[in-house]
Structures are given as structure tokens and as C-alpha cells.
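So you can see what is in the structure, the chains are spelled out below.
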Amino acid sequence: QGSERLTTFEDNDQKPVGHGRMLRKEDPRLVRGRGRFTDDIQLPGMLHLAILRSPFAHARIVGIDTSAAAALPRVRAVVTGADLAAQGLAWMPTLSGDVQAVLATDKVRFQGQEVAFVVAEDRYTARDALELIDVEYDVLEPVIDARRALAPDAPVIRDDLDGKTNNHCFDWETGDKDATEAVFAAADVVVRQDIVYPRVHPAPMETCGAVADFDAVEGRLKLWSTTQAPHAHRTLYAIVAGLPEHKIQVISPDLGGGFGNKVPIYPGYVCAIVASIVTGKPVKWMEDRSENLISTGFARDYIMRGEIAATRDGRILGIRTDVLADHGAFNGTAAPVKYPAGFFGVFTGSYDIEAAYCSMTAVYTNKAPGGVAYACSFRITEAVYLVERIVDCLAAELGMDPAELRLKNFIRPEQFPYTTKTGWVYDSGDYEPTMRLAMDLAGYAELRKEQEAKRANGELMGIGIAFFTEAVGAGPRKDMDILGLGMADGCELRVHPTGKAVVRLSVQSQGQGHETTFAQIVAEEIGIPPADIDVVHGDTDNTPFGLGTYGSRSTPVSGAAAALVARKVRDKARLIASAMLEVSVADLDWEKGRFQVKGDPGKSVTIQDIAMRAHGAGDLPDGVEGGLEAQICYNPSNLTYPHGAYICVVDIDPGTCEVKVRRFIAVDDCGTRINPMIIEGQVHGGLTDGVGMALMEMIAFDEDGNCLGASLMDYLIPTALEVPDWETGFTVTPSPHHPIGAKGVGESATVGSPPAIVNAVVDALAPYGVRHADMPLTPSRVWDAMRGAPRPP
Ligand code: CDP
């Protein structure tokens with residue numbers, strides 16, 4: 001357990017990384033309401049944009065009459081798909097190589113799809129004008145269930161694509177089919193389970209929006225937008241709109257959460273840009289909560305069949321899965337190009353097995369596009385859920401304790417780096433101590449005794465375990481790119497003459513505390529106190545190129561870039577110090593914050609002295625330029641693989657079937673820990689997400705394709721009332737290839753907690769013969785499970 005001491009920034013000058021609970025630099029701004037979010041941007045003469053959305057899931061557009069809306073006083077423009085088509089702007093590429101309608105021209109393909117927009121002098125007029133637009137629709141049969149999408153008589157959703165005659169999106173497979181079949185054929189025990197990970201929504205507190213300001217004289221576009229990836233967005237705007245890239249500035253100011261929802265480019269952003277070009281004025285678009293829930297990137301929506309093969313004494317031999325992936329109307333997934341199913345390939349989990357195979361079919365349906373990595377590294381949440389559920393099913397079949405089964409099958413520490421049967425190279429891991437610590441913190445043996453006693457009384461208490469390995473930090477550019485953009489990150493560090501510094505990142509914080517942790521990383525390397533280091537991010541004009549923040553990639557990629565750029569500055573500082581101290585560089589020792597002469601520590605210069613000298617009068621050593629700054633672009637050699645052991649204790653009221661999460665123990669291993677307090681916050685948030693997904697959240701649709709989760713009254717997200725006091729712990733297994741040994745952690749808890757909770761609920765219901773029940777485990781689903789009547793998800 002780390003120190004729980006609460007420290008101020010200044011206390012940490014000498015030990016910036018991993019020490020105590022350093023307070024966040026950004027909090028004075030954020031907790032006082034002084035953050036600057038996109039909706040805070042006010043520009044002179046700014047107009048407001050509102051979007052008309054389809055009420056139908058599938059319908060042909062017969063005609064649109066905008067005359068009444070255009071005639072409303074204070075309305076400046078009304079734009080339809082036909083208007084955009086005339087400029088070649090009606091369609092845009094998605095981040096996964098599909099195309100998506102900016103405004104519908106031919107058909108609407110999901111409820112909430114963008115059909116037209118109004119620009120007015122105020123937000124209220126723009127919204128009122130939407131009501132005056134008359135759209136004539138010819139309603140078509142919608143395809144809502146992914147299982148129906150490939151039926152020969154299913155209506156074709158994407159008839160915009162040349163020659164498309166079905167709703168097939170893509171096929172994907174990984175692993176060795178034949179070897180897996182052989183392992184399954186020879187196994188003592190095979191367990192099969194159908195498992196659905198329902199469609200959920202990241203639901204960030206701040207919805208999506210943009211302010212576009214096009215200067216026609218300069219031909220420059222300035223765009224404030226809620227994006228997790230400002231540089232990638234800028235490049236795509238340049239490609240789509242034909243604007244020169246150097247004339248586009250994308251600014252992502254403070255973000256009120258992203259969770260993957262703010263990775264895609266949404267039609268609303270493009271509409272705001274078009275509107276500013278058309279009207280010659282700055283234009284703001286901010287969606288409301290319902291718009292966010294019905295039309296922006298959803299997550300999950302995987303229908304999975306999991307199979308596991310084992311020996312009778314509990315040795316896991318193989319895992320096989322078949323997945324039907326629902327991608328909605330347009331493939332809006334944001335994942336590296338070579339990975340259409342994201343990193344689902346890690347479905348073999350933390351176990352040393354002989355063979356694995358996955359086949360996947362993805363389909364189009366009349367639902368909002370998405371498949372975004374909601375607080376997970378590209379489909380790892382689905383993969384971990386699958387394996388951790390199916391391992392529990394096996395434990396039930398074998399009559400083995402689920403903790404014991406896991407301990408028996410873990411990849412052993414000496415096997416790292418470990419290549420999985422689907423080709424992922426886990427960099428480092430030591431799973432058993434993490435699992436044992438979680439069991440100790442939980443008092444696992446006593447919990448099982450308590451459960452036995454309660455069961456004898458007819459009480460429903462469940463204990464659920466999940467152990468996960470994530471693959472985060474996308475990624476090595478030889479394998480990973482998004483639309484041709486390699487997933488490397490730039491970083492620039494400048495030390496000013498007085499020894500204060502500014503570090504410029506290509507990643508973009510959404511509340512994770514980057515302004516603090518990146519200052520800590522740089523401080524650790526060059527000895528300038530963290531308080532003296534400013535972190536700049538989220539502005540393409542003022543930061544180096546990089547692919548942005550999602551998939552817990554900031555620390556593995558940009559964190560490494562920050563450490564290495566600081567080392568580069570330190571190398572230059574060493575040359576200058578050698579001249580200042582008149583000794584060779586080999587005769588210098590680095591003590592945090594200063595170079596000193598070997599054997600004569602009294603003769604030294606501080607990094608601040610060196611900074612002044614680097615900018616000051618007098619000669620520098622031959623070949624050394626003035627200034628003290630550096631820039632790099634870091635291409636990771638591998639992903640990092642954090643892991644964790646989670647234990648959940650639930651009580652179920654047999655009368656109401658309400659599930660109460662009584663305790664939750666989370667032990668995380670993210671390698672070197674930069675800021676323990678921030679990590680704890682990340683873990684608490686992710687665990688809360690997990691309670692939501694496991695027990696409450698689902699974006700459901702009725703048979704006509706009406707979204708039933710269009711407000712936070714219907715799409716329930718957890719509050720403090722639904723969650724317990726989290727109990728956290730940690731182990732430290734550094735990444736061997738990351739310069740400071742750090743692995744990502746931002747999404748671990750969202751990944752690991754749903755299976756722990758579901759496993760606990762199923763465990764509680766074991767006396768009823770329940771082996772599986774699909775999320776969200778609402779009281780009615782628990783009731784159905786107890787009665788042996790699973791509801792179709
Ligand atoms: O990409 P994102 O920032 O969402 O995820 P991350 O890299 O896992 O980092 C989340 C936050 O936790 C950042 O502020 C990190 O610097 C911090 N963190 C840490 O203090 N130590 C680690 N080993 C990993 C992350």
C-alpha cells in the first residue's frame with residue numbers, strides 16, 4: 001500500500017513521481033467553476049445552430065420544405081442534405097473507413113439522424129425554426145435486431161454503398177481455428193454460454209459541441225470543439241473540406257469527460273463549420289442530453305457465444321468465441337485500421353492456454369453509429385467480460401472455487417513477455433500477488449463462510465471475481481494507425497531562461513489530471529519542481545502532432561514522450577554544465593536538479609543555472625545551440641499491459657430482486673504509479689461506470705427503432721447511492737519498454753468491474769441454478785433469472 005499522506009505540490013519537488021497524494025494543478029480552476037468549456041466560448045456576432053433529427057429509424061426522404069423556417073425572423077440560414085450535396089459535403093468519412101451522412105440526402109437510417117440545420121441569432125430561435133421544417137418521409141421497415149440483419153429478406157440499410165445488397169459490415173477472425181477445434185475435441189469438459197454485452201452510452205457530463213469561426217479574408221478556420229483528438233480531427237477536416245491544414249486551428253478546451261464519446265467526428269461539427277463559412281459569422285452548436293444519447297457514439301452491442309475447454313481438474317485448455325457485432329447504421333468505430341474489432345483479440349485473458357479462436361461478423365442496423373471505445377482500449381471491455389464470465393461458468397461446472405480456478409491458470413511471471421494464442425505480446429505481469437492481495441483485502445475465506453451461513457438462511461449473498469489484463473497505449477505505428485495516421489505522439493519541452501518550463505503535449509485531458517501528471521513526469525527527469533512546469537495541450541497551433549487521448553494511451557505513449565523529451569533536454573544541459581564547470585561530461589553526476597563534479601559534489605550547477613546560461617551571454621560549447629528545449633515524436637515499441645484483480649460482494653433482496661453492491665475490492669497494477677491520488681480517482685470513476693453497466697444501463701430500442709434511453713430518466717447512470725465505499729489496493733509490475741515503467745490505468749476499472757459484479761450476482765443466484773444472466777441486472781432480470789426465464793436482451 002502506498003503512502004496515504006496528503007501533500008502539496010511543493011512537498012514533492014524532490015520526489016515528483018509516485019509520492020504521496022499530490023493535489024491536482026487543474027483543480028483550483030475546475031472546482032471554482034473557472035474551467036473554460038466549449039459552451040463557455042462567446043464570440044462577437046456569434047450565431048447558433050440547431051439540428052433537425054429524424055423521428056424514424058428507417059425512412060426515405062420524399063421532400064423537405066424549409067420555407068417557413070427560413071422566413072422566421074432572426075433565422076440566418078436553413079441547410080438541408082441537398083444543399084450540402086451540391087457542395088460535395090453531404091457525406092464524410094468515419095474514423096473506420098466507412099462513410100456517414102452529414103445531413104441525410106436519400107434516406108434516414110437511425111432515429112436521431114441529422115436531416116437539416118438552422119442557424120439563427122439565438123439558440124431558442126434556431127430550435128423553434130426546426131419545428132417549421134416540413135419533411136415528408138416514406139417510412140421503411142427498420143432492422144433493429146442484429147440477428148435479423150443478415151436475414152435474406154431484411155431491408156438493405158446501406159443502399160448508398162455501391163452494389164450493397166445486404167447488411168453485412170465486416171468479418172474478422174483471430175487465433176487458430178483448427179488447433180482450437182482439436183483442443184476442444186480432446187478436452188474433458190467444454191462449457192458454452194451465450195453472453196450479450198448490451199449497447200451502452202459513455203454519457204459524458206458535457207455533451208458534444210463546437211464553435212466554428214471561419215475568416216473568409218484569411219481563409220482560416222478556428223474551431224473549438226469537444227474532441228479527444230484535436231490533431232487527428234484537424235487533418236480530417238482538411239481532407240474532407242479541402243481547407244489547407246495549416247489554416248485550420250482546432251482547440252479542445254476543458255472537456256467535461258469524454259470516455260470515447262468525443263473521439264469520432266460528428267455531423268454537428270461539420271455543420272458548424274459549413275454554417276460559419278455560409279454566414280461569415282462564428283457559429284456555435286451544442287447538442288442537448290437527448291441528442292447526445294440518441295445520436296453520438298454508443299459502445300459495446302456484442303452478442304457473443306463463449307466456449308471454454310478444460311481438464312476435469314481445472315486446467316484451461318482453450319477458449320473460442322463467435323461474435324455478432326452491431327455497428328449501427330454507419331461504421332463509426334474508432335479503432336486502428338488493422339483492428340476492425342478493436343483489441344478484442346485479448347479475449348484469452350490472463351490465462352496460459354493452448355489454443356484460442358474468434359470469429360466475428362459485424363452488421364449494419366438502424367441504430368446510431370458508434371462502437372466507440374467507452375473507457376476501454378478498443379473492445380477490451382467486451383473481451384474481458386467474455387473471458388471472465390466464461391471462466392466463472394467453468395468454475396460452476398467443475399464445482400471449483402472461481403479464485404482457485406484463476407490462480408491455477410494464470411500466466412506465470414517467468415513467462416513474460418508472453419505471446420498469447422492470438423498474437424498479443426503481454427509486456428510484463430505478476431498476477432498471483434495481485435490476486436492474493438485482493439483476496440486478503442476482501443477476507444475471501446471469511447466471505448465464503450459468511451455466504452454459506454447466509455445461504456442456509458435463504459439469504460442471497462454473492463461473491464464475484466474478475467481478473468483482467470488490458471492492452472493499452474496504442475500503438476506501435478508499424479501496426480497501428482487511424483485512417484493512415486500513425487499512432488505516435490509528439491511532445492515538446494522548453495525551459496525558459498529563469499528555469500521555469502512549459503511542456504506541450506499532443507494528448508488531450510478530459511479530466512484525468514494531465515496538467516499535474518505530465519508536470520510530475522518532466523519534473524522527475526529534469527529536477528524542475530512540478531509547480532514550475534506548465535502543461536499545454538488541446539490546441540493544434542500550440543502543440544506537436546499526435547493522435548489524442550483514448551484507450552488509456554496518454555501515459556503509455558505521451559507519458560513516455562514527456563520522459564524522453566525531458567531526457568533530451570537533460571542531455572543538452574549536461575553539455576552546457578560541463579562547460580560551466582570546466583570538466584568533461586564523463587566527470588559529471590546527475591543529482592536530481594543539478595549536475596555535480598564526480599567526487600566533488602560542492603562543485604555543481606543547477607538546472608536553473610544551466611537554463612540561464614543556455615539563453616545568456618557567453619560562449620556555449622562547440623556545436624551546442626542556444627536555448628534549452630527539445631521536441632520528439634515517440635513511437636511505442638509495444639502496448640503496455642496493466643492488470644488487476646477485482647472482488648465484488650452483493651446482497652440481493654429475494655423479495656424485490658434488487659441488487660446491492662455491499663463491497664468492492666479493486667487491486668490494480670499499472671506499473672510505475674505517477675500520481676496515486678489521480679489513479680485512485682480514475683479507479684473510483686471506472687468502478688462506478690461498472691456498476692452502471694452491470695446493473696442499470698442499456699440503450700434499448702422498441703421494434704420501430706425508437707430509442708428508449710433518450711434521457712437520463714430512462715438511461716440510468718449510477719449515483720453515490722448505488723455504489724459502496726471502494727476498497728483499493730495496488731501492486732507494481734513496471735513495463736519493461738516504457739521509459740519510466742508506467743502502464744495506463746484510466747480505463748482499467750471500467751473494464752474489470754462489470755464481470756466482477758455480474759459474477760457476484762450469478763453467484764448469489766446459484767441456489768436457483770442460475771449460471772448466467774445478461775446485463776443490466778435490473779430487478780426484473782434478476783427475477784426472470786431466478787424463475788429460469790431469461791428475457792431476450
Ligand atoms: O489516456 P488517459 O489519460 O485517459 O489514461 P491514462 O494514461 O491511463 O492516465 C489517466 C491518468 O492517470 C493520467 O493523469 C495519468 O497520468 C495517471 N496515471 C498515473 O498517475 N500513473 C500511471 N501509471 C498511469 C496513469
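Residues numbered from 1 in each chain as written. Predicted model: local features only at pLDDT ≥ 70, side-chain atom pairs only at ≥ 80, totals over all residues. Heavy atoms only, no water.

## Quick notes on the overall build of the protein
Then comes step 1: Counting its regular elements, the protein contains 19 helices and 34 strands.
Then comes step 2: Taking 2.2 N^0.38 as the reference for a compact globule, 793 residues should give roughly 28 Å; the C-alpha atoms of the protein span a radius of gyration of 27 Å, in line with that estimate.
Then comes step 3: Taken along its principal axes, the extent of the C-alpha atoms in the protein is 80 × 75 × 50 Å.
Then comes step 4: Within the protein, the fraction of its 793 residues that count as buried is 63%.
Then comes step 5: Long-range pairs, those at least 24 residues apart, make up 78% of the contacts in the protein with a sequence separation of at least 6.
Then comes step 6: On the protein, roughly 28000 Å² of surface is accessible, and the fraction owed to carbon and sulfur atoms is 50%. (Helix = DSSP H or I, 4+ residues; strand = E, 2+ residues; numbered from the N terminus. Rg over C-alpha atoms; globule rule 2.2 N^0.38 Å. Buried < 20%, exposed > 50% of the residue type's maximum accessible area, 1.4 Å probe, protein only. Contact = heavy atoms within 4.5 Å. Areas by Shrake-Rupley, 256 points an atom, 1.4 Å probe, with all protein chains shown as cover.)

## Examining the sheet that holds strand β30 (residues 600–606)
Then comes step 1: Ordered by their spatial adjacency, 3 strands build an open sheet running β28-β29-β30, and the pairing between neighbours is antiparallel. Lying at the two open borders of the sheet, with one neighbouring strand each, are β28 (588–591) and β30. Taken pair by pair, the neighbouring strands of this sheet meet at an average axis angle of 35°, ignoring direction. (Pairing = 2+ DSSP bridges. Axes fitted to C-alpha atoms, helices over the stretch in contact; angles between N-to-C directions.)

## A word on the site of the ligand
Then comes step 1: In the region of the ligand, 23 residues are neighbours, and Gln512, His514, Thr555, Val745 and Gly746 sit closest.
Then comes step 2: The contact in question runs from an oxygen atom of the ligand to an N or O atom on the backbone of Arg553, over 3.3 Å.
Then comes step 3: Contacts to the ligand include Thr672, whose backbone N or O atom sits 2.7 Å from a nitrogen atom.
Then comes step 4: Here the ligand, which alone exposes 510 Å², has 98% of that area covered by the protein.
Then comes step 5: Among the secondary structure elements, those contributing two or more residues to the shell around the ligand are α14 (514–526), α15 (554–581) and α17 (676–695).
Then comes step 6: Counted by class, the shell around the ligand contains 7 nonpolar, 13 polar and 3 charged residues. (Near = heavy atom within 4 Å. Polar contact = N/O pair within 3.5 Å; in protein donor to acceptor, adjacent residues only side chain to side chain. Nonpolar A, V, L, I, M, F, W, Y, C, P; charged D, E, K, R; others polar.)

## A look at unusual backbone geometry
Then comes step 1: At the junction of Phe416 and Pro417, the peptide bond is cis and its omega measures out at -5° in the coordinates.
Then comes step 2: Here Pro417 shows up in the loop between α11 (402–409) and β20 (418–419).
Then comes step 3: Residues Met775 and Pro776 are joined by a peptide bond in cis, for which omega reads -5°.
Then comes step 4: Along the chain, the position of Pro776 falls in the loop between α18 (748–764) and α19 (779–786).
Then comes step 5: Residues other than glycine seldom take positive phi values, yet Arg300 does so here, at roughly 65°.

## A word on empty space enclosed by the protein
Then comes step 1: In total, this model carries 5 cavities of 30 Å³ or more according to the counting rule given.
Then comes step 2: Of the pockets and cavities examined, the largest cavity occupies roughly 90 Å³.
Then comes step 3: Contributing to the lining of the largest cavity are Pro93, Thr94, Leu95, Gln100, Pro264, Ile265, Tyr266, Ser295, Gly297, Gly332, Pro369 and Gly370.
Then comes step 4: Classifying every residue of the lining of the largest cavity by side-chain character gives 6 nonpolar, 6 polar and no charged.
Then comes step 5: Space inside the second largest cavity adds up to approximately 40 Å³.
Then comes step 6: Forming the walls of the second largest cavity are Leu95, Ala229, Ala232, His233, Val263, Ile482, Leu547 and Tyr550.
Then comes step 7: Of the residues in the lining of the second largest cavity, the class split is 7 nonpolar, 1 polar and no charged. (1 Å grid on protein atoms, 1.4 Å probe; cavity = no way out; pocket = protein on both sides within 12 Å on 5 of 7 lines; lining within 4 Å. Points joined across faces, edges and corners; volume = space filled by probe spheres on them.)

## What about the state of the cysteines?
Then comes step 1: In total, this model carries 0 disulfides according to the counting rule given.
Then comes step 2: No disulfide involves Cys491; its sulfur sits 10 Å from the nearest other cysteine sulfur, which is in Cys633. (Disulfide = S-S within 2.5 Å.)

## Let's talk about the pattern of salt bridges
Then comes step 1: Going through the model one piece at a time under the given rule, you end up with 56 salt bridges.
Then comes step 2: When the shortest N-O distance is used, the salt bridge between Arg406 and Glu388 registers 2.7 Å. One end of the pair, Arg406, is in helix α11; the other, Glu388, is in helix α10 (residues 380–398), with 18 residues separating them in the sequence. Residues Arg406 and Glu388 agree in their burial class; the two are buried.
Then comes step 3: For Asp532, the salt bridge identified is with Lys500, shortest N-O distance 3.3 Å. Taken together, the residues Asp532 in the loop between α14 and β27 (533–536) and Lys500 in the loop between β25 (489–495) and β26 (501–505) connect sequence positions 32 residues apart.
Then comes step 4: A relative accessible area of 39% means that Lys500 is categorised as partly exposed.
Then comes step 5: Taken together, the shared-partner salt bridges connect Arg60, Asp98, Asp106, Lys107, Arg109, Arg158, Asp159 and Asp160 into one network. (Salt bridge = Lys/Arg side-chain N within 4 Å of Asp/Glu carboxyl O.)

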